[in-house]
Amino acid sequence: MKVFESVARNLSYTRAATELFLSQPAVSMQVRQLERQLGVPLFERVGRRIHLTEAGREVYQYSRSIAQQLDEMETLLADLKGLSSGRLRISVASTANYFVPSLLATFHQRYPGITVSLDVTNRETLLGQLRDNTVDIVVMGQPPASLDVDAQAFMENPLVIVAPPGHPLANRENIPLRRLQEETFLVREPGSGTRVAMERFFAERGIRLKTGMEVGSNEAIKQSVQAGLGLGLLSRATVEQELTLKRLTILRIAEFPIMRHWYVVHRHGKRLPAAAEAFKRFLLSAA
Ligand code: PGA
């Protein structure tokens, strides 16, 4: 119902997908499933636009009042559980900074009394914070093997290779991995989870990349790639704007994207404060 409500309100699968942090095929599949369950078409396509059918309009009214009731229920439960105040201490990998703030905005609407302290840093620092127990919840690209943690995946995290739009490989299909050995790559600083994933992926395939500059943030990698200093390997979440503005393009390379996931992580056995428990549940359900 939630997915349907978003598509109906936006009259667009793409906008609903962005709003819900889902892929577009996942959104259309959910809508098709609902149509099948209800036994009526809810949308019709006229040219390039979608419209609600008469049944769709009726279902939309219900979906809105159900959503409203759920919100009321959650606010009431939050009060009962003492979530009308409290503090949430979370740390996220610098790469997750591209989507966590908008999730926090929705969380804040639901629990306006909770004060959030958000730290954005690289993987290495996150591991230290988990070890020292200075944080309730961490969002990272790979749970640590060396610490006893509870980790649950909540969202896909594809890694892609980006180039400036004028790059000779920009319009080629199915570029073999080996071809990348002729290019120079900009790499993140040691301690970055993206860098660890990149090194592991190429090492497992016996590919040796030429690395140029070492660059300390996703933003700086994007700027350097645009300036023509080399190719960059980044989480797709970090380049949405540059792709829309056509400042960067994703190269179509065999075996890409590297599919990773985002995990919500805390120390095993840690008694999470109510606010952190609520945020964890929220992340898992938002996914
Ligand atoms: P990072 O984050 O590259 O910014 O450290 C991603 C991750 O944890 O994989």
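Throughout this description, residue numbers start from 1 for each chain and increase along the sequence as written. Only residues with pLDDT of at least 70 are given local features in this predicted model, and only at 80 or more are side-chain atom pairs given and counted; all residues enter the totals for whole chains, interfaces and linings. Heavy atoms from the whole structure form the basis of all side-chain values; hydrogens and water molecules are not counted.

### Things to note about the overall build of the protein chain
Per the convention used, a helix needs a DSSP run of H or I reaching at least four residues, while a strand needs a run of E reaching at least two, with both numbered from the N terminus. Check the secondary structure of the protein chain and you find ten helices and eleven strands. Principal-axis analysis of the C-alpha atoms places the extent of the protein chain at approximately 60 × 55 × 30 Å. Within the protein chain, buried positions represent 45% of all 287 residues. Pairs at least 24 residues apart make up 74% of the contacts formed inside the protein chain by residues separated by at least 6 positions. What sets the accessible areas is the Shrake-Rupley method with a 1.4 Å probe; for residues, cover comes only from the shown protein chains. Carbon together with sulfur atoms contributes 49% to the accessible area of the protein chain, which is approximately 15,300 Å² in total. Each charge class in the protein chain was averaged separately, 36 positive and 29 negative side chains, and the resulting centres sit 3 Å apart. Exposure classes here rest on a 1.4 Å probe applied to the protein chains alone. A residue is buried below 20% of its type maximum, exposed above 50%, and partly exposed in between. Throughout, a contact is declared for two residues whenever any of their heavy atoms are within 4.5 Å. His is not counted, nor are the chain ends, whereas Lys and Arg count as positive and Asp and Glu as negative. By convention, the point assigned to a charge is CZ for Arg, NZ for Lys, CD for Glu and CG for Asp.

### Examining a nonpolar patch on the surface
A cluster of nonpolar side chains, namely Met1, Tyr62, Ile66, Leu70, Met73, Leu76, Leu77 and Leu80, defines an oily patch on the protein surface of about 800 Å² accessible area. For Met73, the position within the fold is in helix α4 (residues 54-80). Surface patches are defined over residues having more than 30% relative accessible area and no salt bridge, joining like charges when they lie within 9 Å and nonpolar side chains (Val, Leu, Ile, Met, Phe, Trp, Tyr) when within 5 Å. Here, a salt bridge means any side-chain nitrogen of Lys or Arg that lies within 4 Å of a carboxyl oxygen of Asp or Glu.

### Description of unusual backbone geometry
A cis amide bond links Phe256 with the next residue in sequence, Pro257, at an omega value of 0°. Considering the arrangement of structural elements, one finds Pro257 in the loop between β10 (249-250) and β11 (258-267). Unlike most non-glycine residues, Leu11 shows phi in positive territory, near 45°. Structurally, Leu11 is set in the loop between α1 (2-10) and α2 (13-20).

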